[in-house]
Each structure stands twice: as C-alpha cells, then as structure tokens.
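Here are the chains, one letter per residue:
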Amino acid sequence: MYTTVNIYLGNGRVMAKKMLQYVPTIGWAWGMSDFIFLARNWEKDKQTLTNGMTALASYPSSIWLLLFAEGTRLSPEKLELSQKFAQERNLHVLKHHLT
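Residues numbered from 1 in each chain as written. Predicted model: local features only at pLDDT ≥ 70, side-chain atom pairs only at ≥ 80, totals over all residues. Heavy atoms only, no water.

1. Details of unusual backbone geometry
Turning to step 1, where the next piece is worked out: Even without being glycine, Thr25 reaches a positive phi, approximately 70 degrees.
Turning to step 2, where the next piece is worked out: By secondary structure assignment, the location of Thr25 is in the loop between strand E1 (12–17) and helix H2 (26–31).
Turning to step 3, where the next piece is worked out: Since its relative accessible area comes to 57%, Thr25 is described here as exposed.
Turning to step 4, where the next piece is worked out: Phi is positive for Asp34, which is not a glycine, with a value near 60 degrees.
Turning to step 5, where the next piece is worked out: Its location among the elements puts Asp34 in the loop between H2 and strand E2 (36–38). (Helix = DSSP H or I, 4+ residues; strand = E, 2+ residues; numbered from the N terminus. Buried < 20%, exposed > 50% of the residue type's maximum accessible area, 1.4 Å probe, protein only.)

Shown next as structure tokens:
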C-alpha cells in the first residue's frame, strides 16, 4: 500500500549538471528516471530542456521538480564580465555577486 510520502518521493525529478550523469550507479539510475542533465550552455540546453519538460508534462500524475543550482566562484574577471553583461541589458549592476 502506498502512502502519500511514497508517491511524492517516487515522482521527484531533478535538473542537474551534465557531468553527474556519468557517476556510476547514481548517474545511470537518474538517466533512466527522466532526470534532466544540463551543460550550462543555452545553445546546448535549449532542446534538452524542451524535450525534458515535455516528457515530464506528459506524466499522468504531478511531479516534484528539484533544481540543483550550482554556484560559480567570484573572481575579478568574472565580476567584470557579469557587470558588463548587466549594463548591456539594463539590469542592476551587482558589486558582490554575478548576474
């Protein structure tokens, strides 16, 4: 007999960085469970996200979608690029974080 917790845990899906799919056992199991692996490159990930979300939306029951956001270490070069990116797009320019 299934409880509510079993149903929710069984319906959990994850978006994670692509290299995790190569981790023995866990990565393979996730790959066969419709988890979405992203390369952190919009041109590569656009179709992956479209296909993955379409597959997940077709599930007969609701799912829990978990996002594992990955941080990037702040460096003077990355901060400068981030601030230039923000200025070009009329976004708030951050001093201690990356856009």
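2. Here's the deal with the pattern of salt bridges
Turning to step 1, where the next piece is worked out: What the rule picks out here adds up to two salt bridges.
Turning to step 2, where the next piece is worked out: As a salt-bridge pair, Lys46 and Glu43 come within 3.9 Å of each other at their nearest N and O atoms. Linking Lys46 with Glu43, this pair stays in helix H3 (residues 42–57), spanning three residues, or about one helical turn.
Turning to step 3, where the next piece is worked out: Judged by relative accessible area, which is 61%, Glu43 ranks as exposed.
Turning to step 4, where the next piece is worked out: For Glu88, the salt bridge identified is with Arg89, shortest N-O distance 3.4 Å.
Turning to step 5, where the next piece is worked out: Since its relative accessible area comes to 54%, Glu88 is described here as exposed. (Salt bridge = Lys/Arg side-chain N within 4 Å of Asp/Glu carboxyl O.)

3. Topic: the sheet that holds E2
Turning to step 1, where the next piece is worked out: Strands sit in the order E2-E1-E3 across an open sheet of three strands; the sheet is parallel. In this open sheet, the two strands that pair with only one neighbour each are E2 and strand E3 (64–67). With strand direction ignored, the average angle separating the axes of adjacent strands in the sheet is 20 degrees.
Turning to step 2, where the next piece is worked out: Where E1 and E2 come together, three bridges link them in parallel fashion. Residue pairing for E2: Lys17 is matched across the bridge by Leu38.
Turning to step 3, where the next piece is worked out: Those strands touched by H3 are E1, E2 and E3, and its axis lies near 165 degrees from that of E2. (Pairing = 2+ DSSP bridges. Axes fitted to C-alpha atoms, helices over the stretch in contact; angles between N-to-C directions. Contact = heavy atoms within 4.5 Å.)

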